[in-house]
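# Summary of structural features
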Amino acid sequence: MGQVLGCVQVDQSTVAIKETFGKFDDVLEPGCHCLPWCLGSQVAGHLSLRVQQLDVRCETKTKDNVFVTVVASIQYRALAESAQDAFYKLSNTRNQIQAYVFDVIRASVPKLNLDSTFEQKNDIAKTVESELEKAMSHYGYEIVQTLIVDIEPDVHVKRAMNEINAASRMREAASEKAEAEKILQIKRAEGEAESKYLSGLGIARQRQAIVDGLRNSVLAFSESVPGTSSKDVMDMVLVTQYFDTLKEIGASSKSNSVFIPHGPGAVKDIASQIRDGLLQGNAAAE
């Protein structure tokens with residue numbers, strides 16, 4: 001009904017292109033407009049001013065001969081003040097933008113290695129945006145934002161990269177584990193050495209104390225009982241200790257049987273053996 005009466009409605013964020021007898025006449029803003037069709041006025045088409053997005057997948061090769069698929073996201077919109085150029089100069093805006101993206105990516109990525117491509121994707125996006133801005137501004141379009149949203153290497157290359165990364169981490173973990181075991185063994189050895197050192201000091205002091213006690217006992221007994229020699233006193237002390245030891249072994253319920261030479265004639269030999277053992281221990285302690 002509006003067309004019959006010569007009235008047209010232009011929606012928000014949209015402009016309409018008015019032609020008179022097939023020639024561009026005006027850009028109609030959002031609202032209601034009167035177009036007398038009898039005078040040759042008509043709407044040639046509408047142009048959206050909203051931001052639009054185009055995702056472009058471009059396959060190319062890096063400097064180290066790895067094929068990758070670069071996914072770029074282009075956000076663009078038509079300019080109201082250049083609506084005439086945007087409507088008439090381009091027949092397919094999306095194909096035009098895609099062609100420029102292909103050209104820039106395939107000129108930039110082959111200069112970089114695979115690792116550098118991942119590291120410098122923001123630089124690639126800026127280059128694409130700059131070239132698009134210069135090209136599309138002549139056609140009445142503004143490039144709002146350009147993003148490199150993904151870089152996909154070949155599936156075999158991706159698997160190899162994952163294997164290299166896994167091997168590197170396993171090697172690092174093995175190195176750390178070996179270093180930890182090394183430190184543990186060193187600390188254990190230091191602890192054992194310190195323990196043995198302290199145990200040796202204790203044994204030496206014990207033997208020294210025994211020798212000092214026996215010497216004091218011999219001197220005191222010799223002074224108290226005239227006519228006895230140091231050897232006699234020493235034999236008596238050793239034999240007394242010998243029988244005390246036998247008594248302790250026999251009194252213990254968990255002790256094993258001990259077979260030793262025993263008899264009146266063996267006491268002298270036992271005393272000599274005990275004396276020699278104590279003297280050797282004393283010499284080793286000194």
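Residues numbered from 1 in each chain as written. Predicted model: local features only at pLDDT ≥ 70, side-chain atom pairs only at ≥ 80, totals over all residues. Heavy atoms only, no water.

Looking at an unreviewed UniProt entry, one finds the protein chain named Band 7 domain-containing protein, with Brassica carinata as its source organism.

Another point: the overall build of the protein chain. Along the backbone of the protein chain there are eight helices and eight strands. Expressed as a percentage of the 286 residues in the protein chain, the buried residues total 27%. Excluding contacts between residues fewer than 6 apart, the proportion of contacts in the protein chain whose partners are at least 24 apart in sequence is 62%. Accessible surface, the protein chain: about 19200 Å² in total, of which carbon and sulfur atoms supply 53%. (Helix = DSSP H or I, 4+ residues; strand = E, 2+ residues; numbered from the N terminus. Buried < 20%, exposed > 50% of the residue type's maximum accessible area, 1.4 Å probe, protein only. Contact = heavy atoms within 4.5 Å. Areas by Shrake-Rupley, 256 points an atom, 1.4 Å probe, with all protein chains shown as cover.)

Looking now at unusual backbone geometry. Note: most peptide bonds trans; most residues except glycine with negative phi. Phi is positive for F21, which is not a glycine, with a value near 55°. When its relative accessible area of 68% is taken as the criterion, F21 is described as exposed.

Here the focus is the UniProt feature "coiled-coil region" (unreviewed entry) in the protein chain. Following the UniProt record, the feature "coiled-coil region" (unreviewed entry) maps to residues 157–190 here. Counting secondary structure, residues 157–190 comes out at 100% helix and 0% strand; the distance between its end C-alpha atoms is 49 Å. (UniProt positions renumbered as here; feature names shortened; annotations may be inferred.)

For the rest of this paragraph, the subject is the packing of aromatic side chains. Within the structure shown, the criterion is met by three aromatic pairs. With a centroid separation of 5.9 Å and 85° between ring planes, the pair formed by F24 and Y88 is classed as edge-to-face. A residue pair is termed long-range when its members are at least 10 positions apart, and F24 in strand β3 (residues 23–28) and Y88 in helix α2 (residues 83–88) qualify at 64 residues. Judged by centre distance (5.0 Å) and plane angle (80°), the rings of F87 and Y88 are edge-to-face. Through pairs of rings, three or more aromatic residues link up here, namely F24, F87 and Y88. In this structure, R106 packs its charged tip against the face of F102, placed 4.8 Å from the ring centre. (Phe/Tyr/Trp six-rings, centres within 6.5 Å; stacked < 30°, edge-to-face > 60°. Lys NZ or Arg CZ within 6 Å of the ring centre and 35° of its normal.)

Right, let's get into the nonpolar core. Within the largest apolar cluster, 33 residues are counted, with the highest numbers of intra-cluster contacts made by I74, I97, V101, I105, V128, L132 and Y141. For this core, the elements supplying multiple residues, two or more each, are β2 (14–20), β6 (52–61), β7 (67–78), α2, α3 (93–108), α5 (121–136) and β8 (141–153). Excluding residues within four positions of it along the chain, Y141 makes contact with L47, Y76, R77, A78, L79, A86, L90, T93 and M136. (Core = buried A, V, L, I, M, F, W, Y, C linked by side-chain atoms within 4.5 Å.)

When you line up the elements, S73 lands in strand β7. A polar contact of 3.2 Å, which involves the side chain of S73, links it to the side chain of Q53. Side chain to side chain, S73 and D55 meet in a polar contact 3.2 Å long. (Polar contact = N/O pair within 3.5 Å; in protein donor to acceptor, adjacent residues only side chain to side chain.)

So, about the sheet that holds β7. With respect to topology, three strands assemble into an open sheet ordered β6-β7-β8, the strand pairing being antiparallel. Taken across any chain shown, the strands that pair with only one partner, and hence form the sheet edges, are β6 and β8. Shown here is a sheet whose adjacent strand axes are inclined to one another by a mean of 20°, direction ignored. Bridge count for β6 against β7 is ten bridges, and the pairing is antiparallel. Of the residues in β7, the one forming a bridge with R57 is V71. Set on the sheet, α3 makes contact with β6, β7 and β8; between it and β6 the angle comes to about 35°. (Pairing = 2+ DSSP bridges. Axes fitted to C-alpha atoms, helices over the stretch in contact; angles between N-to-C directions.)

Compared with the 22 Å implied by 1.5 Å per residue over 16 residues, the 22 Å span of α5 between its first and last C-alpha is a close match. For α5, every residue scored as buried is listed here: I124, A125, V128, L132, A135 and M136. All buried residues of α5 fall inside an arc of 100° around its axis, so they share one side. Projecting away from the buried face of α5 at angles above 90 degrees are the exposed residues N122 and K126. (Expected span 1.5 Å × (residues − 1). Arc of directions from axis to C-beta.)

This part is about the sheet that holds β3. Taken together, the three strands give an open sheet; going across it, the order is β3-β2-β5, and neighbouring strands pair in antiparallel fashion. Both outer strands of the open sheet, β3 and β5 (41–48), are each paired with one neighbouring strand and no more. Averaged over all neighbouring strand pairs, the angle between strand axes comes to 30°, with direction disregarded. Taken together, the five bridges between β2 and β3 define a ladder with antiparallel strand orientation. In the sheet register, A16 faces β3, and the bridge partner there is L28.

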